[in-house]
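Observations on chain architecture
Here's the letter readout for the chains.
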Amino acid sequence: MPNLHIAGDPPMTKALVAAGAFAADPVIVVDVGARGGVEWYWKVFGQHLRIVAFEPDAKECARLNAAGDPQVTFIAAALGAENGPRTLYVTRHAASTTFYPTVPEWGRRYAFADNLAVESEVVVQTTTLRDALGGRRPDFIKLDAEGAELDVLRGADLEPVLGLIAELNFGQSPSGQPSFADFDIHCRANGLQLYDLDVYRFSRMALPYPYLYDSRDADGRPVAGPTIQGQLLSSDALYFRDALSSAKPVKQACLFEIFGLADCAAETVQAHRDAFARWVDPDRLLDLLVPEVKGQRLGYREYVARHAADPLFRPTPGWRQPPKQVSQYDGVFIPAWLGFRQRLYWAWRALRHRL
């Protein structure tokens, strides 16, 4: 997580980091469900980054803290809507351990049922994110809490949060976990709007499709995951506040760029030119945001002026733009429009899974 349109080499953000825009006010990220470590793309902020990561598995937290990354703190804690005891269901696939166990009769219809089989139960003390942060005010939240994402948000102060990304389910399971619709309602009530959505499909056991990824457990054994076709069951959902009235426009523009929303970043630069001019000429930042189109790289003004009528911005006759997605059978799906560094990253992941 996530598999949205991540910018692997965001030039505007790099320019602002180099200018010291975050030296006195680092970007603060909260990562809930941090098994395996934090996401690679935060490294663009260098020393001007603070990540507070939560994972209920104490051994996993100790392992991650031993890596000694000074920008990241891993905390062994289970988060919820309120403080108090709660039963945690430890599953066969450790990353799927949850407060919302899958109902076996429903799960057996899919290949992932074995991953979610409950092997033990343990009562843990949950705490709210509000209390766990101890006054720290996050700029961005990542949620991968195996169905408890909305519970975590209900125990959080969302006022300072510019955006968040969450792994969400669409509510077909009768386990009682909140659905995508419940989560979306809560976000919109707190001023956060849906900006991007990556969906995952899971085929029925009656005729299972090939897997989309070569998913593996900690011991390298294959585990079931999303398939190239089937019922839509889960997603990675990206939410942001409208940046036109943002109190932290420079941070928000960088977050937009990282998550592949260069248009939103440009709008933010235009709406808050004075905030950006303190660090870098806003016109230069706009030029840096302009994407390459069909091998051509234009300046911002020329790009906007030519956009409406120039054939450069129209799809090749008979084709979609970007080209039609074709699911890969090698375990990793690499969209054709990804930049070189992003394609290299996903190719490396595919190779790593095969070793």
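For the structure, check the block above.
Residues numbered from 1 in each chain as written. Predicted model: local features only at pLDDT ≥ 70, side-chain atom pairs only at ≥ 80, totals over all residues. Heavy atoms only, no water.

Some words on the overall build of the protein chain
Under the convention used in this document: Only DSSP runs of H or I reaching four residues or more are called helices, and only runs of E reaching two or more are called strands; each is numbered from the N terminus. Summary of the burial criterion: residues with accessible area below 20% of their type's maximum are buried, those above 50% are exposed, and those between are partly exposed, where the area comes from a 1.4 Å probe applied to protein chains only. Residues count as neighbours in contact if any of their non-hydrogen atoms are within 4.5 Å of one another. All accessible-area figures derive from a Shrake-Rupley calculation using a 1.4 Å probe, and residue coverage is judged against the displayed protein chains alone.
Scanning the protein chain from N- to C-terminus turns up twelve helices and ten strands. Looking at the protein chain as a whole, 47% of its 355 residues are labelled buried. Taking contacts inside the protein chain between residues at least 6 apart in sequence as the whole, the part at least 24 apart equals 64%. With an accessible surface of roughly 17,800 Å², the protein chain has 52% of that area assigned to carbon and sulfur atoms.

Regarding the packing of aromatic side chains
Note the following rule: Stacked, tilted and edge-to-face are the three classes assigned to paired rings of Phe, Tyr and Trp, where Trp is represented by its six-membered ring and a pair needs centres within 6.5 Å; plane angles under 30 degrees give stacked, over 60 edge-to-face, the rest tilted.
Inspection of every chain in the model, using the stated rule, returns 21 aromatic pairs. Consider the rings of tryptophan 106 and tyrosine 110, whose centres lie 5.2 Å apart with planes at 50 degrees: the pair is tilted. In this structure tryptophan 106 comes out as buried when scored by relative accessible area, which is 13%. Arranged with centres 5.3 Å apart and planes meeting at 85 degrees, the rings of phenylalanine 112 and phenylalanine 202 form a pair that is edge-to-face. Taken together, the residues phenylalanine 112 in the loop between helix H3 (104–107) and strand S6 (118–127) and phenylalanine 202 in strand S9 (residues 193–202) connect sequence positions 90 residues apart. An aromatic cluster of three or more residues is present, and its members are Phe22, Trp40, Tyr41, Trp42, Phe45, Phe140, Tyr195, Phe240, Phe256 and Phe259.

Topic: the side chain of serine 234
Mapped onto the fold, serine 234 is located in strand S10 (residues 231–240). The residues contacting serine 234, other than those within four sequence positions of it, are Leu168, Asn169, Phe170, Asp198, Val199, Tyr200 and Phe202.

Looking at the sheet that holds strand S5 (residues 84–91)
Heads up, the rule is: Here, any two strands with at least 2 DSSP bridges between them count as paired.
Across the sheet, which stays open at both edges, the three strands sit in the order S4-S6-S5 with mixed pairing between neighbours. Since the sheet does not close on itself, it has two edges, and those belong to strand S4 (78–79) and S5, each with one partner.

Here we look at the packing of helix H7 (residues 249–258) against helix H8 (residues 262–271)
This is how it is decided: For helices, the axis comes from a line fit to the C-alpha atoms of the stretch in contact; other axes are also lines fit to C-alpha atoms, and the angle between any two N-to-C directions lies between 0 and 180 degrees. Every angle not falling under 35 degrees, over 145, or within 65 to 115 is termed oblique; those three ranges are roughly parallel, roughly antiparallel and roughly perpendicular. The hand of a helix crossing depends on one turn: near helix anticlockwise from the far one by less than a right angle means left-handed, and clockwise means right-handed. Residues were grouped as follows: Ala, Val, Leu, Ile, Met, Phe, Trp, Tyr, Cys and Pro as nonpolar; Asp, Glu, Lys and Arg as charged; and all remaining residues, including Gly, as polar.
Direction vectors running N to C along H7 and H8 enclose 160 degrees, while the axes themselves pass 7 Å from each other. Taken together, the axis directions place H7 and H8 in an arrangement best described as roughly antiparallel. For the element pair H7 and H8, the recorded crossing hand is left-handed. Residues Pro249, Ala253, Phe256 and Glu257 of H7 form the contact with H8, whose own contacting residues are Ala262, Cys264, Ala265 and Thr268. Of the residues belonging to the contact of H7 with H8, the class tally is six nonpolar, one polar and one charged.

Some words on the packing of H8 against helix H10 (residues 282–289)
In the contact formed by H8 and H10, the axes pass within 10 Å of each other and the chain directions differ by 170 degrees. In terms of orientation, H8 and H10 fall into the roughly antiparallel class. Along its contact with H8, which presents Ala262, Ala265, Ala266, Val269 and Gln270, the element H10 presents Pro282, Leu286 and Leu289. Grouping the amino acids of the contact of H8 with H10 by side-chain chemistry returns seven nonpolar, one polar and no charged.

Side note on the pattern of salt bridges
Put simply, the rule reads: For salt bridges, the criterion is a side-chain nitrogen of Lys or Arg within 4 Å of an Asp or Glu carboxyl oxygen.
Enumeration according to the criterion identifies 19 salt bridges in this entry. With a shortest N-O distance of 2.9 Å, aspartate 9 and lysine 14 are connected by a salt bridge. Taking the relative accessible area as the measure of exposure, aspartate 9 reaches 33% and is therefore partly exposed. Put simply, lysine 142 and aspartate 31 hold a salt bridge, and the shortest N to O gap is 2.8 Å. Note that lysine 142 is positioned in strand S7 (residues 140–143) and aspartate 31 in strand S1 (residues 27–32), a separation of 111 residues in sequence. Here lysine 142 and aspartate 31 have matching classes, each one buried.

What to know about the nonpolar core
Here is the rule we go by: For the purposes of this section, nonpolar cores are sets of buried Ala, Val, Leu, Ile, Met, Phe, Trp, Tyr and Cys residues that join through side-chain atoms within 4.5 Å.
In this structure, Met12, Leu16, Phe22, Trp42, Phe45, Phe140 and Phe259 are the most contacted members of the largest nonpolar core, which totals 52 residues. Among the elements that line this core, the one with the most residues is H7, at six residues. The residues touching methionine 12, leaving out its near neighbours within four places in the chain, are Ala253, Cys254, Glu257, Ala265, Val269, Leu285, Leu288 and Leu289. Core analysis: the next-biggest nonpolar cluster, separate from the first, contains 32 residues, Leu129, Ala148, Ala166 and Phe180 among them.

A few points about the environment of glutamate 302
Residue position: glutamate 302 is located in helix H11 (residues 300–307). Taking the C-alpha atoms as reference points, glutamate 302 and aspartate 287, 15 residues apart in sequence, are found 9.8 Å from one another.

Details of the sheet that holds strand S3 (residues 72–75)
Read across the sheet, seven strands follow the order S3-S2-S1-S7-S8-S10-S9 without closing on themselves; strand pairing throughout is mixed. Edge positions in the sheet fall to S3 and S9, since each has one partner strand and no second. Between one strand and the next, the sheet's axes are offset by a mean angle of 15 degrees, whatever the strand orientation. Relative to S7, S1 runs parallel, the two sharing four bridges. Looking at S7, one finds that valine 32 is bridged to leucine 143.

Regarding the pairing of S6
Across two bridges, S4 lies against S6 in parallel orientation. In the sheet register, alanine 78 faces S6, and the bridge partner there is threonine 126. Where S5 and S6 come together, eight bridges link them in antiparallel fashion. Within S6, the position partnered with proline 85 by the bridge is glutamine 125.

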